[in-house]
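Structural overview for review
Here is what each chain is made of, one letter per residue.
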Amino acid sequence: DAGVIQSPRHEVTEMGQEVTLRCKPISGHNSLFWYRQTMMRGLELLIYFNNNVPIDDSGMPEDRFSAKMPNASFSTLKIQPSEPRDSAVYFCASSRGGPNTGELFFGEGSRLTVL
Amino acid sequence: AQSVTQLGSHVSVSEGALVLLRCNYSSSVPPYLFWYVQYPNQGLQLLLKYTSAATLVKGINGFEAEFKKSETSFHLTKPSAHMSDAAEYFCAVRISGNTGKLIFGQGTTLQVKP
């Protein structure tokens, strides 16, 4: 089975531009998580979904960030407008839930650079 | 609130030496604890998990961790380091009462010297 698929792997953009990161979770997994990784702050949970419904978005930095999960096989994280401090690696992860809760399967990440 | 603290952001060992990466947790309820590994330019992979079934947990690649409630610790060990073990290691705690939210420690970079 394919793992979690993220795109793009690398994105370089200019301040003020809109950025959309995409994620396809593992088929059959009902929880999806967006994390951000930086040297200064480590791994931060931005938002997570259960059965396509946002459960906790308390980690979303500000209104410039939004996330959607229109169906069980696709999610997006959008930043509009982007700022240099948004530069980071953004990871998507999925989980089957139930007794396996906590076993997250991570994608390879999307490295965002905002100039 | 539940949290984990990893002691030491960098650990360096010689090939063949014991690996010890430290993690302490804070939780008011019995915790579910995890160790993940991140190789360069990759996502995190699960090494092992503690879910209260046994205090000594064995994971992949020869790693194991022991849950010690009296010390609120969940340290990761491996008897003999390999060059391929060089990576960043994260301890994590699952937040109780929800569908799998994990809080990660700051990570420990393991360097293995020849």
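My aim in this report is to walk through the structure given alongside it, one point at a time.

Rules behind the numbers
- Residue numbering note: each chain is counted from 1, following its sequence as written.
- The naming scheme follows written order: chains are lettered A onward, ligands numbered 1 onward.
- Totals for whole chains, interfaces and linings use all residues, but because this is a predicted model, local features are given only for residues with pLDDT of at least 70 and pairs of side-chain atoms are given and counted only at 80 or more.
- With hydrogens and water stripped out, all remaining heavy atoms of the structure feed into the side-chain values.
- Paired rings are identified among Phe, Tyr and Trp, the last through its six-membered ring, by centres lying within 6.5 Å, and are further divided according to the angle between planes into stacked (under 30 degrees), edge-to-face (over 60) and tilted (the rest).
- Secondary structure is summarised from DSSP: a helix means a run of H or I of at least four residues, a strand means a run of E of at least two, and numbering begins at the N terminus for each.
- Throughout, exposure labels follow a simple rule: accessible area from a 1.4 Å probe, protein chains only, divided by the maximum for the residue type, with under 20% read as buried, over 50% as exposed, and the rest as partly exposed.
- Only a pair of cysteine sulfur atoms within 2.5 Å counts as a disulfide in this structure description.
- Any pair of residues with heavy atoms lying within 4.5 Å of one another is described as a contacting pair.
- A 1.4 Å probe defines the accessible area here, and the buried area is the portion of it lost by two parts on being joined, summed over both.
- Put simply, a salt bridge is a Lys or Arg side-chain nitrogen that is within 4 Å of an Asp or Glu carboxyl oxygen.
- Residues adjacent in sequence count toward polar contacts only when both atoms are side-chain atoms; beyond that, a polar contact is any pair of N or O atoms within 3.5 Å, and within protein one must be able to donate a hydrogen and the other to accept it.
- Under the scheme applied, nonpolar residues are Ala, Val, Leu, Ile, Met, Phe, Trp, Tyr, Cys and Pro; charged residues are Asp, Glu, Lys and Arg; polar residues are all the others, including Gly.

Let's shift gears to the packing of aromatic side chains. All names here are of chain A. In the structure shown here, the tally under the stated rule is 13 aromatic pairs over all chains. Between the aromatic rings of Y35 and F106, the centroid separation amounts to 5.8 Å while the plane-to-plane angle is 40°, which identifies the pairing as tilted. Separated by 71 residues along the polypeptide, Y35 in strand β4 (residues 31-38) and F106 in strand β10 (residues 105-106) bring together distant segments of the chain. Given the relative accessible area of 0%, Y35 is considered buried.

All right, on to the state of the cysteines then. Enumeration over the complete set of coordinates arrives at two disulfides over all chains. The disulfide partner of C23(A) is C92(A), and the gap between their sulfur atoms is 1.9 Å. Judged by the sign of its S-S torsion, about -65°, the bond between C23(A) and C92(A) is left-handed. Linking C23(A) in strand β3 (residues 19-24) with C92(A) in strand β9 (residues 88-95), this pair joins segments that are 69 residues apart in sequence. With respect to burial, C23(A) and C92(A) carry one shared label: buried. In this model, C23(B) is linked to C91(B) through a disulfide, with the two sulfur atoms separated by 2.0 Å. As the torsion about the S-S bond is roughly -65°, the C23(B)-C91(B) disulfide counts as left-handed. Taken as a pair, C23(B) in strand β3 (residues 19-26) and C91(B) in strand β9 (residues 87-94) lie far apart in primary sequence, 68 residues in all. Each of the two residues, C23(B) as well as C91(B), counts as buried.

All right, on to the interface of chain A and chain B then. Of the residues lining the interface, 25 residues belong to chain A; the matching set on chain B comes to 19 residues. When the two sides are added together, the surface that chain A and chain B hide from each other amounts to roughly 1,700 Å², 50% of it contributed by carbon and sulfur. At the surface where chain A touches chain B, the tally comes to one salt bridge. Of the charged contacts in the structure, one is a salt bridge between E103(A) and K49(B), with a shortest N-O distance of 2.1 Å. Linking chain A to chain B there are four residue pairs in polar contact (both at pLDDT 80 or more). Every element with two or more residues in the side of chain A that touches chain B is listed here: β4 and β5 (42-50) of chain A. For the side of chain A that touches chain B, the element with the most residues is β5(A), which contributes five residues. Residue composition of the side of chain A that touches chain B, by class: 10 nonpolar, nine polar and six charged.

Residue and element names in this part refer to chain A. With respect to the helices and strands, H29 occurs in the loop between β3 and β4. When its relative accessible area of 6% is taken as the criterion, H29 is described as buried. Distance from H29 to E62, taken between C-alpha atoms, is 28 Å for residues 33 residues apart in sequence. Look past the residues within four positions of H29 in its chain and what remains in contact with it is S94, S95, R96 and F105. A distance of 2.7 Å separates a polar atom in the side chain of H29 from a polar atom in the side chain of S94. Of note is the side chain of H29, whose polar atom sits 3.4 Å from the backbone nitrogen of S95.

Close approach of charged atoms allows side chains of opposite charge to pair. Residues and elements named next belong to chain A. Counted under the stated rule, the structure contains 12 salt bridges over all chains. Linking R64 and E83 is a salt bridge whose minimum nitrogen-to-oxygen distance equals 3.5 Å. You can see R64 sitting in the loop between β6 (53-56) and β7 (65-71) and its partner E83 sitting in the loop between β8 (74-79) and β9, a full 19 residues away along the chain. A relative accessible area of 9% means that R64 is categorised as buried.

Tracing the sequence through the fold places S73(B) in strand β8 (residues 73-78). In contact with S73(B), other than residues within four places in its own chain, are C23(B), N24(B), Y25(B), E66(B), F67(B) and K68(B).

On their own, these measurements won't tell you what the molecule is for.
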